[in-house]
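# Structural overview for review
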Amino acid sequence: MPIKIERILLPTDFSDCAKHALMYALSFATEYDARLVILHVVPQLNLPPELETSAAPLYEDMEKNAREKISRLVPKRFLEKIKVENVVVRGVPFLEIIKAAKKYKADLITIATHGRTGLQHAIFGSVAENVVRQAPCPVFIVRQLEYG
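To start, this report covers the structure provided alongside it.

### Brief notes about the sheet that holds strand E2 (residues 35-43)
The 5 strands are arranged E3-E2-E1-E4-E5 in an open sheet whose pairing can be described as parallel. Each edge of the open sheet carries a strand with a single partner, namely strand E3 (84-91) and strand E5 (139-143). Neighbour to neighbour, the strand axes of the sheet diverge by 25° on average, direction disregarded. The pairing of strand E4 (residues 108-113) with E5 spans 5 bridges and is classified as parallel. Opposite Ile-109, over in E5, you have Val-139 as the bridge partner. Strands in contact with helix H1 (residues 16-32) are strand E1 (7-11), E2, E4 and E5; relative to E4, the strand with the most contacts, it is inclined by about 155°. In the packing of helix H7 (residues 127-134) onto the sheet, the strands contacted are E4 and E5, and the crossing angle to E4 comes to about 155°.

### Quick look at helix H5 (residues 93-103)
For H5, the set of buried residues is Phe-94, Glu-96, Ile-97, Ile-98, Ala-100 and Ala-101. A positive backbone phi angle near 55° is found at Lys-105, which sits one or two residues after H5.

### Looking at the pairing of E2
Counting buried residues along E2, 7 of its 9 residues qualify, which places the element largely inside the surrounding structure. In terms of handedness, the path from E1 via H1 over to E2 forms a crossover that is right-handed. Here E2 runs beside E3; their pairing, made up of 8 bridges, is parallel. Paired with His-40 across the two strands is Val-88, which belongs to E3.

### Regarding unusual backbone geometry
The backbone of Asp-33 sits at a positive phi, close to 50°, despite the residue not being glycine. One can find Asp-33 in the loop between H1 and E2. Of note in this structure, Lys-105 is not a glycine but carries a positive phi near 55°. Positionally, Lys-105 belongs in the loop between H5 and E4. Owing to a relative accessible area of 58%, Lys-105 belongs among the exposed residues under this scheme.

The rules behind the values
- Residues numbered from 1 in each chain as written.
- Predicted model: local features only at pLDDT ≥ 70, side-chain atom pairs only at ≥ 80, totals over all residues.
- Heavy atoms only, no water.
- Pairing = 2+ DSSP bridges.
- Helix = DSSP H or I, 4+ residues; strand = E, 2+ residues; numbered from the N terminus.
- Axes fitted to C-alpha atoms, helices over the stretch in contact; angles between N-to-C directions.
- Contact = heavy atoms within 4.5 Å.
- Buried < 20%, exposed > 50% of the residue type's maximum accessible area, 1.4 Å probe, protein only.
- Right-handed = clockwise from strand over helix to strand, strands pointing away.

Set out below in structure tokens:
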């Protein structure tokens, strides 16, 4: 039975690594004639409740900036071939990615990993690792290798 991929979710943090993952997602979407949902999560800041309301303009700026960046990610030549939906939400990145995968009924998540290890991994964790553990569909992990 052939693999059916109709919807691909690509979370992005706009890093070079995420742009590398975008190329895979675009290739898959073109090959399978799939819809591509590009998701950016504006991280929820851990602020005390009394400061949360004063942070509203900051969140609005972050979301506006993200919407502008996300709208420029996909080269025009792909927009003529595939359907792309850009989504910006606020929250905990891996949780929002899982929610979006369910909401948009993703058949595949294509996600970048920064390959953090040691202390960086202990402090920041791994969004990709958490997504793999909880995703409702297959996850294709893209790591941008550095050659030097």
